[in-house]
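# Understanding the architecture of this molecule
Below, each chain spelled out in residue letters.
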Amino acid sequence: MKDNTIFFSMALKGIKVIELAGLAPVPYCGMILSDFGARVIRIDRPYAPNIDCLGRGKQSICVDLKKKEGTDVVKKLCSQVDVLVEPFRPGVMEKLGLGPEVLTASNPRLIYARLTGYGQTGLFSHKAGHDINYISISGILSKLGKRDEPPLPPVNLAADFGGGGLICALGIVMALHARHSSGLGQVIDANMVEGSAYLGSWIDGSDVIFNKPRGYNLLDGGSAFYSTYETKDGKYVSVGALEDKFYKDLIKGLGLYNQNISQTDDQDKQKELFAKIFLTKTRDEWTEVFKNLDACVTPVLTAEEAAVHPHNASKGTFQKSMQPPSLMANPAPRMSRTPEIRQYRPLPEIGQHTFEVLREFGYSQMDINGLIKAGAVVEASKL
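Values in this document were obtained by computation on a predicted structure and should not be read as measured data.

### Thoughts on the overall build of the chain
For the chain, the helix and strand inventory stands at 15 helices and 12 strands. Judged by the C-alpha coordinates and their principal axes, the chain covers about 85 × 45 × 40 Å. Taken across its 383 residues, the chain has 44% of its residues classed as buried. Long-range contacts, defined here as pairs at least 24 residues apart, represent 65% of the contacts in the chain between residues at least 6 apart. Of the roughly 19,900 Å² of accessible surface on the chain, 57% is carried by carbon and sulfur atoms.

Next up, the structure:
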């Protein structure tokens with residue numbers, strides 16, 4: 001193994017993961033595991049487009065799961081690894097002969113993680129959906145967006161990544177911990193409806209904060225002192241001056257300290273006033289104004305700007321890539337004793353490691369030739 005060779009101890013060092021290729025949630029889950037030391041082998045489909053930008057540090061083997069010889073390869077690999085992550089609708093893995101009962105029979109220590117939209121059971125379990133549908137069913141979408149306008153999803157962050165990939169990775173880590181005492185793996189039913197609902201626990205439980213219709217609450221656009229404002233150059237600043245001491249510095253920075261303005265004044269009128277003032281300077285000029293004030297006012301940055309911002313640059317929050325995307329966030333959180341991988345690792349080509357992985361898992365060259373002849377595996381150069 002070459003690309004994943006790391007010379008220090010990491011939290012998940014020694015953990016082997018099989019990731020069945022999917023979109024967004026499962027690749028993100030796999031990337032988290034890889035970033036903290038796990039070896040992740042992604043099983044790609046032959047001739048599928050390589051659109052996974054979350055594959056850093058992973059290996060790729062190309063296997064045709066429609067052929068028995070291909071599913072046999074997955075069975076053999078899963079008999080020797082710690083974790084399987086799969087993205088299919090309920091029943092698909094069973095139809096392939098790769099359900100939990102089959103794979104855990106030969107490897108009782110296997111952690112079998114299933115990441116779906118609606119879960120393995122329930123009325124919607126076999127329905128298609130996307131992030132917007134999952135947060136809709138979870139109740140979260142109803143709370144997002146501007147007042148008196150239709151709900152607006154935060155792209156696909158909430159379900160695909162927060163309630164999906166991140167929650168699934170957490171489940172895997174907890175299952176690995178539980179295995180230390182029991183010696184046994186388990187099946188994880190991670191789904192984006194329940195994950196999103198869990199992610200929104202505080203919103204659902206905070207009646208003091210979210211007790212009005214969408215867009216009229218403290219943190220969702222109802223407050224002048226917790227909002228974003230356009231600046232003279234068409235850019236934006238964010239304001240989060242919730243506490244009184246921060247609000248006082250906000251008023252000071254806006255030049256309103258002698259206007260007898262209170263945080264409890266009419267918020268719509270106050271928002272109009274703030275908006276007019278913020279339009280008088282550029283974003284960077286306002287950044288300079290508030291540089292020495294504790295007003296919780298910050299520039300709204302693009303990803304490229306965020307990478308070179310003095311705070312982020314000093315901490316190495318982002319890393320540059322020689323492949324698209326050209327910029328990616330480094331892993332979080334930071335670990336003091338078992339550090340995460342904070343170095344560039346290339347995205348694999350589909351099938352790039354097919355032969356390397358098969359040999360390592362016990363296949364002879366004659367076995368590999370047989371799999372190639374059967375069309376069960378494909379090397380990258382043939383795609």
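From this point, the discussion proceeds with the structure in view.
### Side note on the sheet that holds strand β4 (residues 83–86)
The seven strands are arranged β6-β5-β4-β1-β2-β3-β12 in an open sheet whose pairing can be described as mixed. The open sheet is flanked by β6 (187–191) and β12 (377–378), the only strands paired with a single partner. Inspection of the sheet shows strand β1 (residues 16–20) paired to β4 by three bridges, in the parallel sense. Bridge assignment links Ile18 to a residue of β4, and that residue is Leu84.

### Comments concerning a nonpolar patch on the surface
Residues Leu123, Phe124 and Ile137 make up a contiguous nonpolar surface patch of about 350 Å² in total accessible area. Among the secondary structure elements, Phe124 is positioned in the loop between β5 (111–116) and α5 (131–138).

### A look at the pairing of β4
Burial along β4 is two-sided: Val83 and Val85 facing one way and Leu84 and Glu86 facing the other are all buried. In this structure, β4 lies alongside β5, joined through four bridges in parallel fashion. Paired with Val83 across the strands is Ile111, a residue of β5.

### A short note on the sheet that holds strand β9 (residues 297–299)
The three strands are arranged β7-β8-β9 in an open sheet whose pairing can be described as antiparallel. With partners counted over all chains shown, the strands left at the sheet margins are β7 (226–230) and β9, one partner each. Sheet twist, expressed as the mean angle between neighbouring strand axes with direction ignored, is 20°. In this structure, strand β8 (residues 236–240) lies alongside β9, joined through three bridges in antiparallel fashion. Its bridge partner being in β9, Ser238 is matched across the sheet by Thr298. Across the sheet, helix α10 (residues 267–278) touches β7 and β8, and the angle it forms with β7 is around 40°.

### Topic: the nonpolar core
Ile18, Val73, Leu77 and Leu84 are the most contacted members of the largest nonpolar core, which has 27 residues in total. The leading source of residues in this core is helix α2 (residues 68–78), at four residues. Ignoring anything within four residues of it in the chain, the contact list for Leu84 reads Ile18, Leu20, Cys78, Met93, Leu103, Leu110, Ile111, Tyr112 and Ala113. One finds Phe36, Ile111, Ile172 and Leu176 within the second-largest nonpolar core, a separate group that totals 22 residues.

### Side note on the pairing of strand β3 (residues 59–63)
The element β3 is extensively covered by neighbouring structure, given that five of its five residues are classed as buried. Here β3 shows no split at all, with Gln59, Ile61 and Val63 on one side and Ser60 and Cys62 on the other all buried. The pairing of strand β2 (residues 39–44) with β3 spans four bridges and is parallel. For Asp44, the partnering residue across the bridge sits in β3 and is Cys62. The sheet contact formed by β3 and β12 spans two bridges and is antiparallel. Across the sheet, residue Val63 finds its bridge partner in β12, namely Val377.

### Things to note about the environment of Tyr198
One can find Tyr198 in helix α7 (residues 192–199). Residues Tyr198 and Ser138, 60 residues apart in the sequence, show an inter-C-alpha distance of 8.9 Å.

### Details of the side chain of Arg179
Within the secondary structure layout, Arg179 lies in helix α6 (residues 157–182). Reaching out from Arg179, the side chain makes a polar contact with the side chain of Asp82 at a distance of 2.8 Å.

### Some points on empty space enclosed by the protein
Take a probe with the size of a water molecule and roll it over the atoms, and the empty space left behind shows itself. Taken as a whole and assessed by the stated rule, the structure comprises one cavity of 30 Å³ or more. Estimates place the volume of the largest cavity at around 50 Å³. Together, Arg56, Gln319, Ser321, Met328, Tyr344, Arg345 and Leu347 line the largest cavity. For the lining of the largest cavity, the residue count by class is three nonpolar, two polar and two charged.

### Observations concerning the environment of Gln365
Its location among the elements puts Gln365 in helix α15 (residues 365–373). In the structure, Gln365 is positioned 118 residues away from Tyr247 in sequence and 70 Å away in space, judged by C-alpha atoms. Looking at Gln365, its side chain comes within polar contact range of the side chain of Arg359, at 3.2 Å.

How each quantity is defined
Residues numbered from 1 in each chain as written. Predicted model: local features only at pLDDT ≥ 70, side-chain atom pairs only at ≥ 80, totals over all residues. Heavy atoms only, no water. Helix = DSSP H or I, 4+ residues; strand = E, 2+ residues; numbered from the N terminus. Buried < 20%, exposed > 50% of the residue type's maximum accessible area, 1.4 Å probe, protein only. Contact = heavy atoms within 4.5 Å. Areas by Shrake-Rupley, 256 points an atom, 1.4 Å probe, with all protein chains shown as cover. Pairing = 2+ DSSP bridges. Patch = residues over 30% accessible without salt bridge, like charges linked within 9 Å, V, L, I, M, F, W, Y side chains within 5 Å. Salt bridge = Lys/Arg side-chain N within 4 Å of Asp/Glu carboxyl O. Axes fitted to C-alpha atoms, helices over the stretch in contact; angles between N-to-C directions. Core = buried A, V, L, I, M, F, W, Y, C linked by side-chain atoms within 4.5 Å. Polar contact = N/O pair within 3.5 Å; in protein donor to acceptor, adjacent residues only side chain to side chain. 1 Å grid on protein atoms, 1.4 Å probe; cavity = no way out; pocket = protein on both sides within 12 Å on 5 of 7 lines; lining within 4 Å. Points joined across faces, edges and corners; volume = space filled by probe spheres on them. Nonpolar A, V, L, I, M, F, W, Y, C, P; charged D, E, K, R; others polar.

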